[in-house]
Amino acid sequence: MRTYNTPPIPASEITPKALFLARRKFMQTLGSGALGALMPAALWAGEKLADVKKSAYTVPEELTPYKAVTGYNNFYEFGTGKEDPAANAGSLKTRPWTVAVEGEVHKPAVFDIDQILKMASLEERIYRMRCVEAWSMVVPWVGFSLAELIKRVEPTGNAKFVEFISLHDPEQMPGQRSSVLNWPYKEGLRMDEAMHPLTLLTVGLYGEVLPNQNGAPVRIVVPWKYGYKSAKSIVKIRFLETQPVSSWTEANPSEYGFYSNVNPEADNFRWSQAKERRIGDFFKRPTLLFNGYADEVAPLYAGMDLKKYY
Ligand code: MTE
């Protein structure tokens, strides 16, 4: 017969769910009110982020209104409709939150979101964003180059690719109860793409903590690629020797290639990629190679056949 050294937890000490939820709500109220000043860092969606510097990596284009950036989204964990994420993402609990960094690195680590927020100075970067569905936006993101985090974990010589893995929790993410994609959401980049200064580890937009529907508390933004490469609400970053397979490639390999660079001439999609509609505009505009970031990123693909490596 087994004996136990520690007594079982008395029933009176187990927090009933209703009480736990009430406590959480109270903490959330604290975080957003005057008492929030006592809390360690910006916590909840909508809160202003402190000490955000302007960045040189910014395009001088008219911003897409806040309402569209936060109300017209793709985040299949909360439904497949454009308005579903804003309606449903309130169930995502963004604190506590950790990001595990593992694989081909000398210093694997689990970073708390508060550590991430202090890892490098925050910058506002106005980026053009292009969705494969042929709409586009201009978004003032807040974050810092992913390279800052990558340097800390010291990738080994075998690290050739980086994989980003989003949260998998059907309790918080009701869309995961349907198998529209293979969960968790996975995306990847080649090492040099991940190290490129434009690749942004993103914690905010419009000067505020990321709203849940935009991928709180931390996501990737890769402005020269179609939007689906920019994984939201990530919990894991893995460094790999071989190319990872993303969720969209698993779902439809002939349309969703690994590279997914914005390319007006690549015709592998259901939607023509030659033009796009900027949200709010009436007329379409021509789509630019690498979403207009060719000066910065074309050298990464020198000599590659962009139609083969779509
Ligand atoms: N990340 C996760 N985890 N789940 C998703 O469904 N959708 C992608 C990308 N990241 C998605 C995701 C797609 S298709 C796009 S266009 C962008 O998020 C949209 O980002 P936004 O809603 O902040 O504009």
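Before reading on, note that the structure itself is shown above.
Figured I'd write up the structure that's included with this text. (Residues numbered from 1 in each chain as written. Predicted model: local features only at pLDDT ≥ 70, side-chain atom pairs only at ≥ 80, totals over all residues. Heavy atoms only, no water.)

### Quick word on the pattern of salt bridges
Pairing between side chains becomes possible if they bear opposite charge and their charged atoms approach one another. The following threshold applies: Take a side-chain nitrogen of Lys or Arg and a carboxyl oxygen of Asp or Glu: if they are within 4 Å of each other, that pair is a salt bridge. Residue exposure (1.4 Å probe, protein chains only): buried if accessible area is under 20% of the type maximum, exposed if over 50%, otherwise partly exposed.
Inspection of every chain in the model, using the stated rule, returns 17 salt bridges. With its nearest N and O atoms 2.9 Å apart, the salt bridge here joins Arg125 to Glu123. Each member of the pair Arg125 and Glu123 is classed as buried. Between Asp281 and Arg285 there is a salt bridge; the shortest N-O distance is 2.8 Å. Overall, Asp281 belongs to the partly exposed group, its relative accessible area being 32%.

### With respect to the site of the ligand
Test applied: We define proximity as follows: a residue is near a molecule or strand when any one of its heavy atoms falls within 4 Å of that partner. By the criterion applied in these results, polar contacts are pairs of N or O atoms within 3.5 Å in which, for protein atoms, one can donate a hydrogen and the other can accept it, and in which residues neighboring in sequence qualify only through two side-chain atoms. Surface accessibility follows the Shrake-Rupley procedure with a 1.4 Å probe radius. Residue values consider only the protein chains on display as shielding. Three classes are used, and their members are as follows: Ala, Val, Leu, Ile, Met, Phe, Trp, Tyr, Cys and Pro are nonpolar, Asp, Glu, Lys and Arg are charged, and the others, Gly among them, are polar.
Among the 16 residues in the neighbourhood of the ligand, the closest are listed as Tyr76, Glu77, Arg219, Ser230 and Lys232. One of the backbone nitrogen or oxygen atoms of Tyr76 is found 2.7 Å away from an oxygen atom of the ligand. Here Ser166 contributes a side-chain N or O atom positioned 3.0 Å from a nitrogen atom of the ligand. In isolation the ligand offers 540 Å² of accessible surface; the protein chains occlude 95% of this area. Of the residues that constitute the shell around the ligand, the class distribution is seven nonpolar, six polar and three charged.

### Remarks on the nonpolar core
One recurring pattern in soluble globular proteins is that nonpolar side chains are buried together. Applied cut-off: By convention a nonpolar core is built from buried Ala, Val, Leu, Ile, Met, Phe, Trp, Tyr and Cys residues, the set being connected through side-chain atoms within 4.5 Å. By the criteria applied, helices consist of DSSP H or I runs no shorter than four residues and strands consist of E runs no shorter than two, each listed in order from the N terminus. Only heavy atoms matter for contacts: two residues are in contact if any of them lie within 4.5 Å across the pair.
Counting 78 residues, the largest nonpolar core has Trp141, Phe164, Leu201, Trp224, Ile237 and Phe239 as its most contacted members. For this core, the element with the highest residue contribution is strand S5 (residues 135-145), accounting for seven residues. Setting aside chain neighbours within four positions, we find Phe239 in contact with Val101, Glu102, Gly103, Glu104, Val105, Ile150, Val153, Pro155, Ala159, Phe161, Val162 and Met191.

### Side note on the sheet that holds strand S7 (residues 186-190)
Rules: Any two strands with at least two DSSP-identified bridges between them are counted as paired. Fitted lines through C-alpha atoms give the axes, limited to the stretch in contact for helices. The angle between two N-to-C directions lies from 0 to 180 degrees.
Here five strands make up an open sheet; going across it, the order is S3-S2-S11-S6-S7 and the pairing mixed. Edge strands, defined here as strands with exactly one partner in the open sheet, are strand S3 (109-112) and S7. The mean inter-strand angle of the sheet, taken between neighbouring strand axes irrespective of direction, is 20 degrees. Sheet topology places strand S6 (residues 161-166) next to S7; five bridges connect them, and they run antiparallel.

### Some words on the packing of aromatic side chains
Going by this rule: For Phe, Tyr and Trp, rings pair up if their centres lie within 6.5 Å, where Trp contributes its six-membered ring, and each pair is then called stacked (planes under 30 degrees apart), edge-to-face (over 60) or tilted (otherwise).
Enumeration according to the criterion identifies 17 aromatic pairs in this entry. Ring geometry for Phe161 versus Phe258: centroids 5.6 Å apart, planes at 85 degrees, classification edge-to-face. Remark: Phe258 occurs in the loop between helix H7 (247-251) and strand S12 (275-278) and Phe161 occurs in strand S6; sequence separation between them is 97 residues. On the accessibility criterion, Phe161 (11% relative accessible area) is buried. By relative accessible area, Phe258 is classed as buried at 9%.

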